[in-house]
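In case you want the letters, here they are:
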There are 2 protein chains.
Amino acid sequence: MSQARKPNPARRSERSRRAVLDAARALVSEVGYAKVSIEAIASRAGVGKQTIYRWWPSKGAVIFDSFLELSRGEDGVRLPDTGDLEADLKTVMRATVAEFADPVFEAPVRALNLEIVADPALADAYREKLAGPVDEAKKERLRSAQRAGQLAADADLDLVLEVLYAPLHQRWLHRSGPLTPEYADALVEITLRAFAP
Amino acid sequence: MSQARKPNPARRSERSRRAVLDAARALVSEVGYAKVSIEAIASRAGVGKQTIYRWWPSKGAVIFDSFLELSRGEDGVRLPDTGDLEADLKTVMRATVAEFADPVFEAPVRALNLEIVADPALADAYREKLAGPVDEAKKERLRSAQRAGQLAADADLDLVLEVLYAPLHQRWLHRSGPLTPEYADALVEITLRAFAP
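Residues numbered from 1 in each chain as written. Chains lettered and ligands numbered in written order. Predicted model: local features only at pLDDT ≥ 70, side-chain atom pairs only at ≥ 80, totals over all residues. Heavy atoms only, no water.

### A short note on the packing of helix α1 (residues 11-31) of chain B against helix α2 (residues 38-45) of chain B
All names here are of chain B.
Part 1 of the argument: Contact geometry for α1 and α2: axes closest at 8 Å, N-to-C directions at 120°. Viewed along their axes, α1 and α2 adopt a mutual orientation that is oblique. Like other packed secondary-structure pairs, α1 and α2 cross with a definite hand, here right-handed. Along its contact with α1, which presents Ala19, Val20, Ala23, Ala24, Ala26, Leu27 and Glu30, the element α2 presents Ala40, Ile41, Arg44 and Ala45. (Axes fitted to C-alpha atoms, helices over the stretch in contact; angles between N-to-C directions. Helix = DSSP H or I, 4+ residues; strand = E, 2+ residues; numbered from the N terminus. Parallel < 35°, antiparallel > 145°, perpendicular 65-115°, else oblique. Left-handed = near helix turned anticlockwise from the far one by under 90°. Contact = heavy atoms within 4.5 Å.)

### Examining the packing of aromatic side chains
Residues and elements named next belong to chain B.
Part 1 of the argument: If you walk through the whole model with that rule in mind, you get six aromatic pairs over all chains.
Part 2 of the argument: For the ring pair Trp55 and Trp56, a centre distance of 5.8 Å and an interplane angle of 80° mean the geometry is edge-to-face. Both residues of the pair, Trp55 and Trp56, belong to the buried class.
Part 3 of the argument: Note on Phe64 and Tyr126: the rings are 6.4 Å apart at their centroids and 50° apart in plane angle, and the pair reads as tilted. On the criterion of sequence distance, the pair formed by Phe64 in helix α4 (residues 59-71) and Tyr126 in helix α7 (residues 120-147) is long-range, its members being 62 residues apart.
Part 4 of the argument: On the accessibility criterion, Phe64 (3% relative accessible area) is buried.
Part 5 of the argument: Here Tyr126 falls in the buried class, since its relative accessible area comes to 18%. (Phe/Tyr/Trp six-rings, centres within 6.5 Å; stacked < 30°, edge-to-face > 60°. Buried < 20%, exposed > 50% of the residue type's maximum accessible area, 1.4 Å probe, protein only.)

### Structural notes on the interface of chain A and chain B
For interface size, the figure often reported is the accessible area lost on association.
Part 1 of the argument: Each side of the interface is counted separately: chain A has 33 residues, and chain B has 33 residues.
Part 2 of the argument: The largest contributions to the chain A side of the interface with chain B come from Val117(A), Glu162(A) and His174(A), which together make up 21% of the buried area.
Part 3 of the argument: If you look at where chain A meets chain B, you find two salt bridges.
Part 4 of the argument: Salt-bridge contacts for Glu162(A) lead to Arg171(B); the nearest nitrogen and oxygen are separated by 2.8 Å.
Part 5 of the argument: Counting the contacts that link chain A with chain B gives 14 residue pairs in polar contact (both at pLDDT 80 or more). (Buried area = accessible area lost by both parts, 1.4 Å probe. Salt bridge = Lys/Arg side-chain N within 4 Å of Asp/Glu carboxyl O. Polar contact = N/O pair within 3.5 Å; in protein donor to acceptor, adjacent residues only side chain to side chain.)

### Thoughts on the packing of helix α7 (residues 120-147) of chain A against helix α8 (residues 157-173) of chain A
All names here are of chain A.
Part 1 of the argument: Look at α7 against α8: their axes get within 10 Å of each other, and the N-to-C directions meet at 110°. Comparing the axis directions of α7 and α8 gives the class roughly perpendicular. For the pair formed by α7 and α8, the contact residues are Asp135, Lys138, Lys139, Leu142, Arg143 and Gln146 on the first element and Leu157, Asp158, Val160, Leu161 and Tyr165 on the second.
Part 2 of the argument: Looking at the contact of α7 with α8, its residues break down into five nonpolar, one polar and five charged. (Nonpolar A, V, L, I, M, F, W, Y, C, P; charged D, E, K, R; others polar.)

### Digging into the confidence of the model for chain A
Part 1 of the argument: Per-residue confidence for chain A averages 86 on the pLDDT scale, and 91% of its residues sit at or above 70.
Part 2 of the argument: Highest mean pLDDT in chain A belongs to helix α9 (residues 181-194) of chain A (97); lowest belongs to helix α6 (residues 103-118) of chain A (80). (pLDDT = per-residue confidence, 0-100.)

### Side note on the domain arrangement of chain A
All names here are of chain A.
Part 1 of the argument: You can read the domains of chain A as domain 1 (2-69) and domain 2 (74-194).
Part 2 of the argument: Tallying the contact residues gives nine residues for domain 1 and 13 residues for domain 2.
Part 3 of the argument: Roughly 1,000 Å² of surface becomes buried between domain 1 and domain 2 when both sides are summed, with 83% attributable to carbon and sulfur atoms.
Part 4 of the argument: The interface formed by domain 1 and domain 2 includes zero salt bridges.
Part 5 of the argument: Remark: the boundary between domain 1 and domain 2 carries zero residue pairs in polar contact (both at pLDDT 80 or more).
Part 6 of the argument: Looking at the side of domain 1 that touches domain 2, the elements with two or more residues in it are α1 (11-31) and α4 (59-68).
Part 7 of the argument: Its residues placed into classes, the side of domain 1 that touches domain 2 shows six nonpolar, two polar and one charged. (Domains from an automatic or database assignment.)

### What to know about the relation of the copies chain A and chain B
What relates the two chain copies is a rotation about an axis together with a slide along it.
Part 1 of the argument: With an axial shift of 0.0 Å and an RMSD of 0.1 Å, the rotation relating chain A to chain B amounts to 180°. Put plainly, the chains are arranged around a two-fold axis. Among all residues of chain A, the minimum C-alpha distance to the rotation axis is found for Ala194(A), at 2.1 Å.
Part 2 of the argument: Both copies contact each other with a shared surface, as 100% of the interface residues of chain A are interface residues in chain B too. (Least-squares fit on C-alpha atoms with pLDDT ≥ 70 in both.)

This is the structure we're talking about:
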């Protein structure tokens, strides 16, 4: 995992690291995953190729890190836990829906999605490096809700996440309906009803 | 709609019509929507270009008809209605899951999906010509269930269909989990619980 190769905390390194991640995401959006090269990322970010290789082992690692960055807060991927599952999920889903409705965010994610759908090996890497850690953070919040008796103790958490996120994902991917805060709330309410204790 | 240009019922015409639709679907799978031409479809199907133009107004129309054919039974798109919503949906969803698990079926659908995700105009045409009529047939079955008191009378039927189908669609698209009869049943049970009267 690239986490083991994080840059040192000096401010200049952090600026370079962010420039590299922004460049990687922008290039995937513009030319597609297959055509992005380490050279192009370095050139766009204004850093040397060696700077990239010092922090990331491969092109795949830097691109996945650039997308992981989108889902990551100050202290990593973590969902809010105020003790109120419905309120917390609505906070998260409203933010997620807003991101998918934002052209700046959605263009690179759409480009990456196309690559993943067409390429099973990339889909595996995506699951391992990106979707996996994010899903694990979500499940951690759901387990807390199960302990609090707010979610069926025997609920299949993979299925809970699918019911919560897949409708949004499909609506966004096929542009088949509006992406609104009300839609975010409806998905949370439906999911909690489906998996009520 | 291409339905208005159906071939005459003579057996030879029906054979040609099927050959054209099979060729269209195969070519989308092999070379992608953008590169399929009427010429290539005609050549693959062993008919003249004029035969195709007699029945369909455009390349888009013949390709969408070729996919609509996959969802269409003897008497058009219609869901079973035995009076038992859960049993009927499980019949339909088990068949749908089996189709998505079948490489012969899933390859052209995956190819078309990629085109739709990348091309908003094609997504609109897809919704109007293909997803729209199929969804309407599904909603007809759900309305019957609402009248029978088996589904909440105020349920948003677009949302019901999303909760029922989007998890399967995402799992198939990202190859993120097994596509089994048990999964089909679980989606039906979850959806009925979420939208219970």
